[in-house]
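In case you want the letters, here they are:
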Amino acid sequence: MKRRDLIKSLTLLPLAGGFPIDSLFATPVTGNKVPYNFQNKPMPDLHRKAFVMDGHTHVMTRELLMGTDIGQRYTDGNVDLPRAREGGVDAMFFSVYTPEHYYPGRFETKNTFRVVNLALDQIKNNHSQIELALNASDIHRINKKGKMAAFLDLEGPWDMDGDINLLRALHRLGLRSIQLPAHNTTNAFIDTCNDVSRWGGINDLGRKIIREMNDLGMVINIAHASNDAILQTVEASKHPVIYSHGGFYGIVPHPRCITDEAAKAVAAKGGVIGIHFGSLFNNPIYWKWQQGQKKSNETKPGTVQASPLKTIEEVDKEVLKEVPLSFKGTIPEEYWMHVDQLAKVIDYGVQLVGEDHMALGSDLDGGPELPREIKDISDFPQITMAMQRLGYSDQRIKKILGLNWLRVIREVTEGK
């Protein structure tokens, strides 16, 4: 058998053994993970034994539009299950996405239910590798069996009008985390950070939706929200809220980055901030260079024009042109971020809000300009090694790698 085929076959074997993690959080038992030696870089023992959870991993867009299977190894993009295993990932916010392309024709609800249903099918089809988790206890149970846990998360609107009946239906399907803003577009109940402010934050419907999510035990995600919307959501929610993926405005003044004020509010409520892996939100040098470019590959945020596309199939064809949604541009060497800069951003957050409120929200396959040392989800151990170089204690690293996400999920979904 060729070495490459041997490695691939090994990644599909069930994980054996187990390591208890700090009982304080009643966390999962993680199994022996696939050795991280595909680039001659060993996986640190700490990473192998820790519970590792990504707070924002894009899935299902390519599966929907290309008919692929996330259980198979792709030659492009950032995420598939074999590479997630190689990266030592035990659980992930399995983030299904409805981009702006679907909003003008009001196809956002149809697409949301399509991708949620497909996610459930793909999880079922890859049952030997991954299972759906509805709460923290499920994550523990799934990890004990040597499998990854998928915690369903929605990015983009379930309905631009905020119909609570649709929210309840998605909860019944197994969705347990929702990003309130409609990606980069202000919807009927909450302002986004880079579109017009219609509500000065959130309105009464937004508060009603927050109460409903609290009652259902759903995680409220305020990534992409305006500063006022974040502060008002934190105040309105009786549970902790999360900021799943982004950087700090104090490092890079991008509207998608969270302000120190908002970060402190999230932390004070017991919430967690997930650090995005992209240069645009974390590398001041790259930010300044990017701002100086005349031409951008991105669609102008927050603009949804009347679409000539009359059917959802026509919209699908447009989105397919961008799949996989990983970054496809080029970055001059002097502007390329290294993983140690990402660790410095994490440390900024630790100094600002404390180690109990920081985590990882990669946005892999969502378009981030990844650090030099990270090509895909199999390179997750690089983050651990960067934090070790900062001199962090094992316990602090474990919290940031996944324990903090798990705590919030437990508090929201199980009331513990």
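Summarised in this report is the structure supplied together with it. (Residues numbered from 1 in each chain as written. Predicted model: local features only at pLDDT ≥ 70, side-chain atom pairs only at ≥ 80, totals over all residues. Heavy atoms only, no water.)

**A word on the packing of aromatic side chains**
Summed over all chains, the structure comprises seven aromatic pairs. Ring plane angle 35° and centroid distance 5.6 Å describe the contact between W158 and F189, whose orientation is recorded as tilted. On the criterion of sequence distance, the pair formed by W158 in the loop between β4 (148-155) and α7 (164-173) and F189 in the loop between β5 (177-179) and α8 (204-216) is long-range, its members being 31 residues apart. With a relative accessible area of 1%, W158 lands in the buried category. Between W289 and Y335 the ring centres are 5.0 Å apart and the planes differ by 20°, which places this aromatic pair in the stacked class. Of the two residues, W289 is situated in helix α12 (residues 284-291) and Y335 in the loop between α13 (312-320) and α14 (339-353); the sequence distance between them amounts to 46 residues. A network of ring pairs unites the aromatic residues F93, F151 and W405 as a single cluster. Above the plane of the ring of Y74 lies R62, whose end atom (NZ or CZ) is 3.8 Å from the centre. The side chain of R396 reaches across the aromatic face of Y392, ending 4.8 Å from its centre. (Phe/Tyr/Trp six-rings, centres within 6.5 Å; stacked < 30°, edge-to-face > 60°. Helix = DSSP H or I, 4+ residues; strand = E, 2+ residues; numbered from the N terminus. Buried < 20%, exposed > 50% of the residue type's maximum accessible area, 1.4 Å probe, protein only. Lys NZ or Arg CZ within 6 Å of the ring centre and 35° of its normal.)

**Notes on the side chain of S244**
Mapped onto the elements, S244 comes out in strand β7 (residues 242-246). Given the relative accessible area of 0%, S244 is considered buried. Within the local environment of S244, its side chain forms a polar contact with the side chain of N221, the two groups lying 2.8 Å apart. A polar contact is formed between the side chain of S244 and the side chain of H245, at a distance of 2.6 Å. Dropping the residues within four chain positions of it, S244 is found in contact with G55, H56, N221, A223, G274, G361 and W405. (Polar contact = N/O pair within 3.5 Å; in protein donor to acceptor, adjacent residues only side chain to side chain. Contact = heavy atoms within 4.5 Å.)

**Observations regarding helix α5 (residues 108-125)**
Taking 1.5 Å as the rise per residue, α5 with 18 residues should run 26 Å; its terminal C-alpha atoms sit 25 Å apart, in good agreement. Looking at α5, one finds that the buried residues are E108, T109, N111, T112, V115, V116, L118, A119, Q122 and I123. Looking at the buried side of α5, the elements it contacts are α3 (61-66), β2 (91-97), β3 (130-132), β4, α7 and α13. (Expected span 1.5 Å × (residues − 1).)

**Side note on the packing of α7 against α8**
One way to put it is that α7 packs onto α8 with a least axis distance of 11 Å and a crossing angle of 20°. Judged by the angle between their axes, α7 and α8 are roughly parallel. As for the relative orientation of α7 and α8, their crossing is right-handed in sense. Side by side, α7 and α8 meet where I164, L167, R168 and H171 of the first sit next to K208, I209, E212, M213 and L216 of the second. Residues of the contact of α7 with α8, tallied by class, amount to five nonpolar, one polar and three charged. (Axes fitted to C-alpha atoms, helices over the stretch in contact; angles between N-to-C directions. Parallel < 35°, antiparallel > 145°, perpendicular 65-115°, else oblique. Left-handed = near helix turned anticlockwise from the far one by under 90°. Nonpolar A, V, L, I, M, F, W, Y, C, P; charged D, E, K, R; others polar.)

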